[in-house]
Every structure is written in structure tokens, then in C-alpha cells.
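What the coordinates show
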Amino acid sequence: MSANAVTGMAGAWTAAASARRTALLVLSGFVIAGLNTGIGYAAAGTRAVAIGTGIVLSLAFVFAVRLLHRAAWLAFLSFLPALFVLVGSVQLAPDLALEQRGVRQEVTVVDTQADGSRHTFTLSGATGPLAEPLVYQGSDPGYRIGERLTVLTDPDGELTLQDADRVDSGGKLIALLLGVSGWTLIALLAGWRGHVRRRTGREDTLVI
């Protein structure tokens, strides 16, 4: 047996050890998605909390993929499903809560103000102006003065007013499941590739 082969075998994991670590990484993807969704539900009125924890937990998953695989390309690839996990886990709970307890109102846009990418729309309903405006973050909100739309308001005052057409808990759940599924496939591939790399004594690389 060559010296390189001996070195490779010395740093290798058994198939059982690789399988355990791969299963742990797969499980961590489900835990991260569930945990951040729970945080999003507990802090539904402040999405910044779930966004912050989601970013930190997603980066931890990416780093774990890098360690398991011993190469960086799968870690970079895992950023894509991480976006789905982040969006789904952050927005699922607020959308679901608004769908369950939100009050529908037909309103008219009567005024608009813009501060950079933040657009604030003053609304008027059947009984007069609404105390809470509709806030949109982005370059093109698509709302115009005089436009009529349906909004959902939270009677408990914990969630911000939202355009009813943009509240979609089903879509957020699909995004979350797609993200977790993507992480699962990447974790399985990282576990297999990492096992092969260790058995053949290949060093850590950025590419393959």
C-alpha cells in the first residue's frame, strides 16, 4: 500500500460515521427551519428578530456543509435553499396569523409618501381614514392614489396591516419546504462526497 493511501485511510471516516454525520446535518436543516418558524411566530410583530436568527442559523448550516464535504462549492450552493428557508420561516407565521384572525376591509389609497425605498400609503375605509398606513419596502409598490384594494388588519394590534392579495401562508409554506428539501439533497451529497474525499486522502479545496 502506498504512503498516500495510508495517509488517506488514516484521516478517513467509517461508512457508519459518515452516515451519522450526514444524518445529523439533514436533521439540523429541519431543526433550523422549525426553530426559526417558531421564532417568527413568537415575534410575529417584529420580523427583524426572525430574520436575524434565520441568517445566523443558515450560515451555521452552510459552514457545516463545508466541513462535511471538505470542499466549498456545495456550501455556496446551499445559499439558494437557505433563501427559501429564510423567507418561508420569517413570513409563514405572520401570514398565517393574519389569515386566521385578520379583519378584511375595502379601502381606498388617498395619499402616498416615499422615503427612499420605503413607501407609506394612507388609506380610507367605509368609516373614514385608517389609523394604520400600508407600508411597502421596494422600488415599485404598484399602488396609486384612488386605487381600491382589500387589506387585512390585526385586531390584536401585533401585526402590521397588509394587502390581502399579498398574504399567502400556503406559498410561504411551499417555499419553506422547498428550502428544506434543497438542504436535504445538498447534505446527502456533501456526506457522500466528503466520505469519498477522506478515503482517498484529498485535501480541503474551494472547488471540487
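In this report, we go over the structure that sits alongside the text. These numbers come from a predicted model, not from an experiment.

This part is about the overall build of the protein. Within the protein, the regular secondary structure consists of six helices and six strands. Counting from the amino terminus, helix and strand elements in the protein follow one another as α-α-α-α-α-β-β-β-β-β-β-α. A compact globule built from 208 residues should have a C-alpha radius of gyration of about 17 Å, whereas the protein, at 23 Å, is more than 25% larger. With the principal axes as the frame, the protein shows a C-alpha extent of 85 × 30 × 20 Å. Within the protein, the fraction of its 208 residues that count as buried is 40%. For the protein, the share of sequence-separated contacts (at least 6 apart) that also reach a separation of at least 24 residues comes to 68%. On the protein, roughly 11,400 Å² of surface is accessible, and the fraction owed to carbon and sulfur atoms is 64%.

Another point: the nonpolar core. In this structure, Leu25, Phe61, Val65, Val85 and Trp183 are the most contacted members of the largest nonpolar core, which totals 19 residues. For this core, the elements supplying multiple residues, two or more each, are helix 2 (15-42), helix 3 (47-69), helix 4 (73-77), helix 5 (79-101) and helix 6 (169-199). Among the elements that line this core, the one with the most residues is helix 6, at six residues. When sequence neighbours within four positions are dropped, the list of residues in contact with Val65 reads Leu25, Leu74, Ala75, Ile186 and Ala190. Membership of the second largest hydrophobic core comes to 10 residues, among which are Val107, Leu123, Leu130 and Leu134.

Its boundaries defined by the atoms lining it, the largest pocket holds a volume of some 490 Å³. The wall of the largest pocket is formed by 21 residues, among which Arg47, Val135, Gln137, Thr160 and Gln162 lie closest to the centre. Secondary-structure elements contributing two or more residues to the lining of the largest pocket are helix 5, strand 4 (134-137) and strand 6 (162-163). In the lining of the largest pocket, the residues fall into nine nonpolar, six polar and six charged.

Below, the discussion takes up the packing of aromatic side chains. In total, this model carries two aromatic pairs according to the counting rule given. With a centroid separation of 4.1 Å and an interplanar angle of 20°, the aromatic rings of Phe61 and Trp183 are classed as stacked. Taken as a pair, Phe61 in helix 3 and Trp183 in helix 6 lie far apart in primary sequence, 122 residues in all. With respect to class, Phe61 is no different from Trp183; both count as buried. Seen from their ring centres, Phe121 and Tyr143 are 5.3 Å apart, and the 75° between their planes marks the pair as edge-to-face. Here Tyr143 lies in the loop between strand 4 and strand 5 (148-153) and Phe121 lies in strand 2 (residues 118-125), a separation of 22 residues in the sequence. As far as burial versus exposure is concerned, Phe121 and Tyr143 are alike and both buried. Between Arg21 and the ring centre of Trp13, over which it is positioned, the NZ or CZ distance is 4.2 Å.

Phi angles above zero are rare outside glycine, and Arg70 is one such case at about 65°. With respect to the secondary-structure elements, Arg70 resides in the loop between helix 3 and helix 4. Look at Arg70 and you get buried, because its relative accessible area is 18%.

The rules behind these values
Residues numbered from 1 in each chain as written. Predicted model: local features only at pLDDT ≥ 70, side-chain atom pairs only at ≥ 80, totals over all residues. Heavy atoms only, no water. Helix = DSSP H or I, 4+ residues; strand = E, 2+ residues; numbered from the N terminus. Rg over C-alpha atoms; globule rule 2.2 N^0.38 Å. Buried < 20%, exposed > 50% of the residue type's maximum accessible area, 1.4 Å probe, protein only. Contact = heavy atoms within 4.5 Å. Areas by Shrake-Rupley, 256 points an atom, 1.4 Å probe, with all protein chains shown as cover. Core = buried A, V, L, I, M, F, W, Y, C linked by side-chain atoms within 4.5 Å. 1 Å grid on protein atoms, 1.4 Å probe; cavity = no way out; pocket = protein on both sides within 12 Å on 5 of 7 lines; lining within 4 Å. Points joined across faces, edges and corners; volume = space filled by probe spheres on them. Nonpolar A, V, L, I, M, F, W, Y, C, P; charged D, E, K, R; others polar. Phe/Tyr/Trp six-rings, centres within 6.5 Å; stacked < 30°, edge-to-face > 60°. Lys NZ or Arg CZ within 6 Å of the ring centre and 35° of its normal.

So yeah, pure geometry; function would need other evidence.
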